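Structural overview
If you want the building blocks of each chain, they are given just below.
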Amino acid sequence: MADRPDARPQKIRCDACPVMCFVAEGKAGACDRYANENGQIIRCDPLTILDARIAAGDEVKPFLAADWDGSLVESGQNFVTAIGAGTTYPDYKPAPFIVSQKIDGTDMVTVVTEAIFSYCGAKIKIDTDRHLGHEASVVRVGGEAIGHVMTSEYGSQMLSLGGVDHLTGGSKAEGRVTCDALMKLCNREAVELSVDGGSSVIVQAGKPPIVDGHQESRMRVGCGSATIGMFASQWRGLVDEVVVVDDHITGVVSEHQAGKVLGWEDTGIKILGRRSTPGRYFQVADPGLGWGGTNIEDPLSILGDWNPKKGARAGLRLMMVSTTGEQFAYYELNDDLQPVKKPLPEALMKSVNLIDENCEPAMCSVLFMGGAGGSLRSGVTENPVQLTRSVKADITRVTCGGAPVYVWPGGGITVMVDVMAMPEMSFGYVPTPAIVAPLEFTMPRQNYEALGGHTEAIRTVGDVLDTGGDYGKDTRGIAPEKGDLPWDRR
Ligand code: SF4
C-alpha cells in the first residue's frame, strides 16, 4: 500500500528568540513579528531605511530598485535602521545586517539588529503639578504592578516603569501586562496607569496627560517662589500682597527677597505652612488636584489671622494665584481684617495672563531605557568588551531606529532614548516576556576591523536592498525624524 502524503501543513521553527515557536505555513509566531511564508521564516515588518530624500509630509514609501543607483546609495542620505531587521539571537552569529557606506569620504560600518531586552523599562515624565501619588507608590495597569513613582522634577511627575523585576520577577500576569504596557508606551500609544493611593493618569508620548479625567494643558511657570521672582515688579502698585500657591514652595511677595528689594511693605499676612526662608513656605497643604498641586479648593484655607501690628489694615488688596495662572482670586480686607472676595481688577488680569502665557504645554515624555551590554554584542564582534570600550571612547555611535541615545557612564552599554525621536511603531515584544527594540552601532570601518568585527559579513546598502536578509527582502523608506541622519547628530 502506498504511503499517504501527510496533508497537515508543515511547521517550521523560528529561532529568533528563546521561545522557538513552531510556525505553520501562512501563520505568524507568538509575537506576530515572524511568520512562515512558503516554508521560510520571514520578518513580517519591512526593513526600515531612513531616507533624507523623502519629505516629511511623504514619510513612507516602498523602495524601488530604480531608487538605488550607486550614487544615491553612497550619498549618505540614507541609513539602514534595525526596525524590521530581525534579531541576532541566539547571539553566536553576526547581526542580521552589517552595512558599509561611504560618508564624507570615510568608510563607515553600521551593525544593525533588533535587540531583545529583558533588562529594560521606560522613564516617564508627566508635565503636571497635580499630585499623582507619593514617591515609591506602586503604579499599576489592570491591577498588575508595572512600576513606581519616582522623585518629582521641576513641574513634572516622574514614573519608572518596567524593569526586570516586573517583567520576569513576579507572576506571569505581571510580566505580560508590564511588557504590553511598555511596548504600547514606547510605540506612542495611550496607556491608563493607576497609582496606589493616588490618581489615575492616561499617558501617551507627545500628548498632554489626562489626570483623573482632566486633561492637563499647562506646565507651571515655576514654583511659587520663582513665580514671585519673575512677576514681583509687574504687580508693584497694583496690589498690596500676592500669594502664589504651590504644593512645593508657596511664595509671598511682601516677605520674599524679590519683594523686599523692590520695596514691598509688610502686610501682616500669616501663612499656615512651614517657613523655609523669607516669603517661601513648604507644606501649606497636602498634595492633590487643587490649587498649585495642593488639595485645596479655597486658597484662604492656607491663611491665618492678619496682624494689624505688622501692617494689616482695612482695604488691603490681596491676590492669590496658582503656578499656572489657572486659578486666581482677588480679595480686600474688611474692617474686621477678613478677606472679602472681589472681581480681579483688569490691570491684574494682565499679569495672570502673563503667567499663563509663560507656561509651556503639558506633555508626556517616554524614554526607553535598556541594557545593550549583554550577549548581543557578539553579533557585532568576536570580542564583545571591545564594543563596550569603543562606545565609551565615543568611536562607535549607538542609535535606536536612527535616533540618538544617551549612553550611561560606567559599565555596560545602558542606553536611553526618546521614543518621539524614533520612527513610529519601532518596538515589539517576545513572550518570554521581553521588549524588542532596534539598535544600530555605527563606526569607521577601520575601527570595526580593529575591534574584531565580523568583517566577512559586511555588505553594501545596495546589496541589502537587492537581496534582503535571512528574513526576507521587504524594505520601506521613511523620512528621518527631525530631518537628520545619525552621522549628522554629533
Ligand atoms: S515569539 Fe516570535 S521571535 Fe520568538 S520564536 Fe516565536 S515567532 Fe520567533
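Above this text sits the structure in question.
This one's a predicted model, so the numbers in the text were calculated from it and none came from an experiment.

Our next topic: the overall build of the protein. Scanning the protein for helices and strands turns up nine helices and 33 strands. For the protein, whose C-alpha radius of gyration is 29 Å, the value lies well above the compact-globule estimate of 23 Å for 490 residues. Dimensions of the protein, computed from the C-alpha atoms along their principal axes, are close to 110 × 60 × 40 Å. In the protein, which comprises 490 residues, the share counted as buried stands at 52%. Accessible surface, the protein as shown: approximately 21,800 Å² in total, 50% of it carbon and sulfur. Side-chain charges of the protein comprise 46 positive and 63 negative groups, with the mean position of each set lying 3 Å from the other.

As a further point, take the packing of helix α4 (residues 224-235) against helix α6 (residues 346-357). It is at 11 Å that the axes of α4 and α6 come closest, and there the two elements cross at 155°. When the axis of α4 is compared with that of α6, the two are roughly antiparallel. Judged by the sense of rotation from one axis to the other, the crossing of α4 with α6 is right-handed. Residues Thr227, Phe231, Gln234 and Trp235 of α4 form the contact with α6, whose own contacting residues are Leu348, Ser351, Leu354 and Ile355. Class assignment of the residues belonging to the contact of α4 with α6 gives a composition of five nonpolar, three polar and no charged.

Attention now moves to the nonpolar core. By size, the foremost hydrophobic cluster in this structure holds 58 residues, and its most contacted members are Leu193, Phe368 and Phe441. In this structure, Phe368 is in contact with Phe117, Cys120, Gly121, Cys186, Val415, Met416, Val417, Val419, Phe427, Ile435 and Ala437, ignoring residues within four places of it in sequence. In this structure, Tyr281, Leu318, Tyr331 and Leu333 belong to the second largest nonpolar core, which totals 21 residues.

As a matter of local geometry, the ligand sits amid Cys14, Ala16, Cys17, Met20, Cys21, Gly29, Ala30, Cys31, Arg33, Tyr34 and Pro431. Among the residues making up the shell around the ligand, the classes are represented as nine nonpolar, one polar and one charged.

Take the packing of aromatic side chains next. Two measures describe an aromatic ring pair: the distance that separates the ring centres and the angle between the ring planes. According to the stated counting rule, one finds five aromatic pairs in the structure shown. Seen from their ring centres, Tyr406 and Trp408 are 6.0 Å apart, and the 70° between their planes marks the pair as edge-to-face. Judged by its relative accessible area of 35%, Trp408 falls in the partly exposed class. One aromatic cluster in this structure is built from Phe117, Phe368 and Phe427.

Now for the sheet that holds strand β24 (residues 339-342). The seven strands are arranged β20-β21-β19-β18-β22-β23-β24 in an open sheet whose pairing can be described as mixed. Two strands bound the open sheet, and with one partner strand each, they are β20 (274-277) and β24. Averaged over all pairs of adjacent strands, the angle between their axes in this sheet comes to 30°, without regard to strand direction. One ladder, built from two bridges, connects strand β19 (residues 250-252) with strand β21 (residues 280-282); its direction is antiparallel. From the neighbouring strand, Thr250 faces β21, where its bridge partner is Tyr281. In this fold α4 packs onto β18 (241-245), β19, β21 and β22 (317-322), with an angle of close to 150° to the strand it touches most, β18.

Another aspect to go through is the side chain of His131. For His131, the location among the structural elements is in the loop between β10 (120-127) and β11 (138-141). The class of His131 is buried, set by a relative accessible area of 15%. The residues touching His131, leaving out its near neighbours within four places in the chain, are Ser199, Pro287, Gly288, Leu289 and Gly293.

What follows deals with α6. Compared with an ideal rise of 1.5 Å per residue, which puts 12 residues at 16 Å, α6 spans 16 Å between its outermost C-alpha atoms and is within 8% of the ideal. Burial in α6 covers these residues: Leu348, Ser351, Val352 and Ile355. Projected down its long axis, α6 carries its buried residues within an arc of 100°, all on one side. Among the exposed residues of α6, those oriented more than 90 degrees off its buried face are Glu346, Lys350 and Glu357.

Moving on, we get to the environment of Tyr154. Here Tyr154 is to be found in the loop between β12 (144-149) and β13 (156-162). Considered as a pair, Tyr154 and Ser233 are 79 residues apart in the sequence and their alpha carbons are 23 Å apart. Contacts of Tyr154, omitting those with residues within four sequence positions, involve Met219, Arg220, Gly222, Cys223 and Ala226.

Enumeration over the complete set of coordinates arrives at 19 salt bridges. Two residues, Lys125 and Asp127, come together in a salt bridge whose shortest N-O distance is 2.9 Å. Accessibility expressed as a relative area gives 29% for Lys125, which makes it partly exposed. Since its relative accessible area comes to 4%, Asp127 is described here as buried. A salt bridge links Lys342 to Glu332; its shortest N-O distance comes to 3.5 Å. With Lys342 in strand β24 and Glu332 in strand β23 (residues 328-333), this residue pair connects regions lying 10 residues apart in the sequence. Looking at Glu332, the relative accessible area reads 23%, which means it is partly exposed.

What counts, and where the lines are drawn
- Residues numbered from 1 in each chain as written.
- Predicted model: local features only at pLDDT ≥ 70, side-chain atom pairs only at ≥ 80, totals over all residues.
- Heavy atoms only, no water.
- Helix = DSSP H or I, 4+ residues; strand = E, 2+ residues; numbered from the N terminus.
- Rg over C-alpha atoms; globule rule 2.2 N^0.38 Å.
- Buried < 20%, exposed > 50% of the residue type's maximum accessible area, 1.4 Å probe, protein only.
- Areas by Shrake-Rupley, 256 points an atom, 1.4 Å probe, with all protein chains shown as cover.
- Lys, Arg positive; Asp, Glu negative; His and termini not counted.
- Charge placed at Lys NZ, Arg CZ, Asp CG, Glu CD.
- Axes fitted to C-alpha atoms, helices over the stretch in contact; angles between N-to-C directions.
- Parallel < 35°, antiparallel > 145°, perpendicular 65-115°, else oblique.
- Left-handed = near helix turned anticlockwise from the far one by under 90°.
- Contact = heavy atoms within 4.5 Å.
- Nonpolar A, V, L, I, M, F, W, Y, C, P; charged D, E, K, R; others polar.
- Core = buried A, V, L, I, M, F, W, Y, C linked by side-chain atoms within 4.5 Å.
- Near = heavy atom within 4 Å.
- Phe/Tyr/Trp six-rings, centres within 6.5 Å; stacked < 30°, edge-to-face > 60°.
- Pairing = 2+ DSSP bridges.
- Expected span 1.5 Å × (residues − 1).
- Arc of directions from axis to C-beta.
- Salt bridge = Lys/Arg side-chain N within 4 Å of Asp/Glu carboxyl O.

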